[in-house]
Amino acid sequence: MSLLAVENLEVRFDTADGEVCAVNDVSFSVEPGETLGIVGESGSGKSQVFFAVMGLLAANGRARGKVRFRDTDLLGMPVSQLNTIRGAHLSMIFQDPMTSLNPYLRVSKQMTEVLVQHQHKSEQDARRIAIELLERVQIPEAARRFDQYPHEFSGGMRQRVMIAMALLCQPDLLIADEPTTALDVTVQAQILDLLAQLRDTLNTAIILISHDFGVVAGLCERVAVMYAGRIVETAPVREIFYRPQHPYTRGLLQSLPRLDADDHQELPTIPGQPPNLQSLGEGCAFSERCPLVQPHCLTDRPLLRQIAEDHSKACHRDLAA
Amino acid sequence: MNAPLLSVRDLKVHFPIRVGGVLQGRYKQLKAVDGVSFDLMPGETLGIVGESGCGKSTMGRAVLQLIKPTQGQVIWLGQDLAKLGAKQMRAKRQDMQIIFQDPLACLNPRITVGDIIAEPLRTFHPDMTSAEAKSRVQKLMQQVGLHPNMINRYPHEFSGGQCQRIGIARAMIVEPRLIVCDEPVSALDVSIQAQIINLLRDLQQRFQLSLIFISHDLSVVRHISHRIMVVYLGKVMEVADRDALYTHPRHPYTKALISAVPLPDPDQERAKQRIVLSGDLPSPLNPPPGCVFASRCPIRTELCATTPPVLEERSTDHHAACHHSE
Amino acid sequence: MTTVSQFEQTVPGGEIKGRSLWADAWARLRSNRAAVAGAIVLAIIGLASLFGPMLSPHDVGQVYRSYIKVPASTTAYPREAEIPDLLKTALRRSRADITSLDVDGDLVTLTLTAEREIDPRITRSVERNADFTNVQIIETSPDGLSLTMQMEVTRSYFLFGTDANGRDLLTRTLFGGRISLMIGLLATFVSLIIGVTYGATAGFIGGRVDSVMMRIVDVLYSIPFMFFVILLMVFFGRNIILMFVAVGAVEWLDMARIVRGQTLSIKRREFIEAAHACGVSTTAIIRRHIVPNTLGPVVVYMTLLVPKVILLESFLSFLGLGVQEPMTSWGVLISEGANNIVEAPWMLIFPATFLALTLFAFNFVGDGLRDALDPKDR
């Protein structure tokens, strides 16, 4: 059975300018120990999917569909019940670690609190476990730094603390929302190594949300590409990178400047802007930027369809491989 | 070869930072930029790469005299900018412009796009008629890929990529010879990044612009620059031609940086040997006494802890500051 | 095939008018019901205060000696039952008795008898009472001991009643509103001009100049306000100009601090740096880039400052330090009302209601403006 199965998820927001549909008809599943990458640009709805999963949507947002974690449906679950699952079996880390760490509480307090409350550990046990975890995420002198405040840690160290906190109750699934975007490349490399190592030793499933194809390429086994609130292509990582079948995925990959390329020609680009979610038409949301657009793309929205084993895309056209 | 457009010699920018308590407080020097020298040829792009806090943005602003350098010379066509008075410097700004990282924050939200782009015209050509200014603005908007009928819109009505185009148009309108690009694409979406990079290259070729391209993203810098300068804690670690720097990096920090960049290619990314640096950037208030990179360097020796290395030419036009590089 | 330029060209041909942040804020403000209601109330009170005293049949200073502290009523004074008493009072000295009295609408017919011959000049003593006009003797008995007069009663309405001196409270409340609002708006305007200039300058120049300028503000802050006002009164006597000076001198300090703080944060924004890089001069940067961006919080603070100043004025007037008779303000009226709260509660209720309504309305508008100008904070 899948660890997490999302079916036909839809997230809508009521805004002053009307209703915005941020996520539309999104379905995917994650197996235990698997690493799934979600790639998309800002506004593609990639983060909102998981805010909905975690019950963290903003007050004006509503989610519809099915989110099954093991065999419980998370959507519509009362908060008190949800709290027994999130944190314990399901954890999330964010782009900016400072937003999820309370700046006025010592790291020790923030970490042990979770253990004392969720798992009814004694204060001493909780301290021991927490320090062990900090060591595990390679915080030097963990025991000494344990009682410091978040601002005394550097950006990379804070992200490590966040990861340690997310791992406190040994979750089965870790959702990492752009965990390295705010970090420098050398620190990003450290954190990515750490995540890979944790997945291999603890068998934690990881969902990595990112806009960076490089980050996803190194860590993930399967990748879903999102555009304008929908999954447009999903496949194993090598398929996505070496045989992308959706014009958007293909366009994105081609438009990346490559560190290992020594030609300095003009980059191929995807023209235009990502669409405004409020004024999406009937057809394919990518149609107005698509090089392969045909008249029926403008009127007929393509649904996600299987084109090869374990490879699906939402596009009417068939691309030559 | 012809004369450089810009020569920077031993540029230093130090900020006094108050440390200690209320009573025993004293000032310490934060050495944001510490002895940087380089030349920039007309039509050339110099990439400046480094991690956050390495002083690369400060360097760009010090070149433009937006931050007063503590020491050193910024020689623009034979004239030292640091010695100019405020008024003379203001006149020089016509030739040197800047593009910012945050495309929306660098535009005044209260005035229209047309007024934003025309602002340099108003200061440098106060006698230009508004009709003429408008036609120039519209022509330029077309050139940077904005529809001219958007001239009366406000910045918040544009997307990030379009805002960056507005910022570029503002910098271009007085036909400068140098543009400092401070992380111009790092706030943009992937599909928009390539558009802006192409636009900058296109403008550069068309107008023989010199660019100082500051970024933390090695891939982007490699793509757009002719020469690349790697900066760490306010000091230059390595300067070389873009391809030489990538294929034969001589400084251990450059090697680590290059190996840390994730490649959008699963097989290569998984196969490659990554040099993972331990620890974080040291505080610029207490830089290591010897080589600034010594605390994280995989090949450090005792010499590195005590003696700062000098930036030396290792092969033609390839400089590195390391005691142990070949 | 389909390129970016083709898509962008689908935008209609003419220049598109942009929606400025102010226009956006205006639209948001208009959809805020409390703010709109507040603005309407303010407009009504403002117009009434401005034109009310002119339209009112009663002059502000006009004293109706016969109607001291009459309660608020929608029927006119004098009432029919009161006419005999009024006439009796008017004729007290004439030593004549009223034998018959007939009230027909506004027309009163009165017959007097006396032991001595009645002087026809008696009409004057009746007329001296402002309530009766057109007093005519229509019949005199041959012996002169009896006399019939006819007169018209002037009916006056006192919708809010009258005060302790018999002046119409409605007129006075509206007139007081005029003074209160004027002080509120003018003092706010004065503090706006001084505060914005001072704060923007201090914030923009920064460094030592900023420190010195803000320390001056701190020193001025530390002067006890009441003490300051009393000193002013002692030296220069009481007048309304002094009110402006006193209130304005204190209130610009807050404004200067707000604007300075705003300027400091805006100064660090990238578009200011961009302006520097474009060679824009310092004064133009302050005028074009900094001041317009500080105006949001300033406008909000202004709508909250106006009621504060009105309240301050009322407080000073309440203590007897403010507006002096025959001028009046809500503060003065409330002060008088408070003294007569037992026997004439309307003297307190009406001006206090106006003051409270105005304060509420200003606060609603201020809150609405804050939401409209800074939608992120919601």
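Counting starts from 1 at the beginning of each chain's written sequence and moves along it residue by residue. All chains are assigned letters beginning with A, and all ligands numbers beginning with 1, in the order in which they are written. Since the coordinates come from a predicted model, pLDDT governs what is reported: local features require at least 70, and pairs of side-chain atoms require 80 or more to be given and counted, while whole-chain, interface and lining totals use all residues. No hydrogens and no water enter the side-chain calculation; it runs on all heavy atoms of the structure.

*Asks:* In this structure, what is going on with the interface of chain C and chain B? I would like to understand it.
*Replies:* It is common to give the size of an interface as the accessible area lost on bringing the parts into contact. Pairs of residues are marked as contacts when any of their non-hydrogen atoms sit within 4.5 Å. Listed per partner, the contact involves 31 residues of chain C and 38 residues of chain B. It is Glu270, Cys278 and Arg288 of chain C in chain C that bury the most area against chain B; as a group they hold 21% of the surface buried on that side. What makes a salt bridge here is a side-chain nitrogen of Lys or Arg within 4 Å of a carboxyl oxygen of Asp or Glu, nothing more. Along the contact surface separating chain C from chain B lie 2 salt bridges. Between Glu119 of chain B and Arg288 of chain C there is a salt bridge whose closest N-O contact spans 3.0 Å. Here a polar contact is recorded for every N or O atom pair within 3.5 Å, except that within protein the pair must consist of a potential hydrogen donor and a potential acceptor, and residues adjacent in sequence are included only if both atoms are side-chain atoms. Where chain C meets chain B, there are 12 residue pairs in polar contact (both at pLDDT 80 or more). Among the secondary structure elements, those contributing two or more residues to the side of chain C that touches chain B are α1 (4–9), α2 (21–30), α10 (270–277) and α11 (282–318) of chain C. To qualify as a helix, a DSSP run of H or I must reach at least 4 residues; to qualify as a strand, a run of E must reach at least 2; elements of each kind are numbered from the N terminus. Per-element accounting of the side of chain C that touches chain B gives the leading share, 6 residues, to α10 of chain C. Each residue gets one label: Ala, Val, Leu, Ile, Met, Phe, Trp, Tyr, Cys and Pro are nonpolar, Asp, Glu, Lys and Arg are charged, and the others, such as Gly, are polar. Partitioned by chemical class, the residues of the side of chain C that touches chain B number 11 nonpolar, 11 polar and 9 charged. The term buried area denotes the loss of accessible surface (1.4 Å probe radius) that occurs when two parts are joined, taken as the sum for both partners.

*Asks:* Would you mind showing me how to read helix α9 (residues 252–260) of chain B here?
*Replies:* For the α-helix, the turn length of 3.6 residues means that residues three or four positions removed from each other point alike. Across the 9 residues of α9 of chain B, 8 count as buried, placing the element largely inside the fold. Three labels apply to residues, based on accessible area from a 1.4 Å probe with only protein chains included: buried if under 20% of the type maximum, exposed if over 50%, partly exposed otherwise in between. Along α9 of chain B, the residues that are buried comprise Pro252, Tyr253, Thr254, Ala256, Leu257, Ile258, Ser259 and Ala260 of chain B. Residues of α9 of chain B that are buried sit in contact with α8 (185–202) of chain A together with α7 (218–224), β9 (227–232), β10 (235–241) and α8 (242–247) of chain B.

*Asks:* Whenever I open this one, the sheet that holds strand β4 (residues 61–69) of chain A confuses me. Can you help?
*Replies:* By way of backbone hydrogen bonds, the strands of a sheet pair with one another, either parallel or antiparallel. Residue and element names in this part refer to chain A. Here, any two strands with at least 2 DSSP bridges between them count as paired. Strand order in the open sheet formed by 4 strands is β2-β1-β4-β5, and the pairing between neighbours is antiparallel. Only two strands of the sheet have a single neighbouring strand rather than two, namely β2 (18–30) and β5 (72–73). In this structure, strand β1 (residues 4–15) lies alongside β2, joined through 9 bridges in antiparallel fashion. Within the sheet, the bridge partner assigned to Thr15 lies in β2 and is Gly18. Relative to β1, helix α1 (residues 46–54) is tilted by about 105°, and along the sheet it contacts β1, β2 and β4. Angles here are taken between N-to-C directions and fall from 0 to 180 degrees, while the axes themselves are lines fitted to C-alpha atoms, restricted in helices to the stretch in contact.

*Asks:* Teacher, can you tell me more about the confidence of the model for chain B here?
*Replies:* A low pLDDT means the predicted coordinates there should not be read in detail. Per-residue confidence from the predictor is reported as pLDDT, which spans 0 to 100. Averaged over every residue, the pLDDT of chain B is 89; the share at 70 or more is 98%. The complex model carries a pTM of 0.80, and its ipTM stands at 0.85.

*Asks:* Looking at this structure, I do not really get the packing of aromatic side chains. What am I missing?
*Replies:* Aromatic rings considered in pairs are described by the distance between their centres and by the relative angle of their planes. Residue and element names in this part refer to chain C. Within 6.5 Å between ring centres, the rings of Phe, Tyr and Trp (the latter by its six-membered ring) count as paired, and their orientation is classed by plane angle as stacked under 30 degrees, edge-to-face over 60, tilted in between. By the definition in use, this model includes 12 aromatic pairs over all chains. Each ring, one from Tyr198 and one from Trp252, has its centre 4.9 Å from the other, and the planes form 65°; the classification is edge-to-face. Pair noted here: Tyr198 is in helix α6 (residues 169–205) and Trp252 is in helix α9 (residues 240–267), with a separation of 54 residues, a long-range link. Look at Tyr198 and you get buried, because its relative accessible area is 18%. A relative accessible area of 10% means that Trp252 is categorised as buried. Arranged with centres 6.3 Å apart and planes meeting at 55°, the rings of Trp330 and Phe354 form a pair that is tilted. In this pair, Trp330 is assigned in helix α12 (residues 330–339) and Phe354 in helix α13 (residues 346–373), connecting sequence segments 24 residues apart. The same class applies to Trp330 as to Phe354, namely buried.

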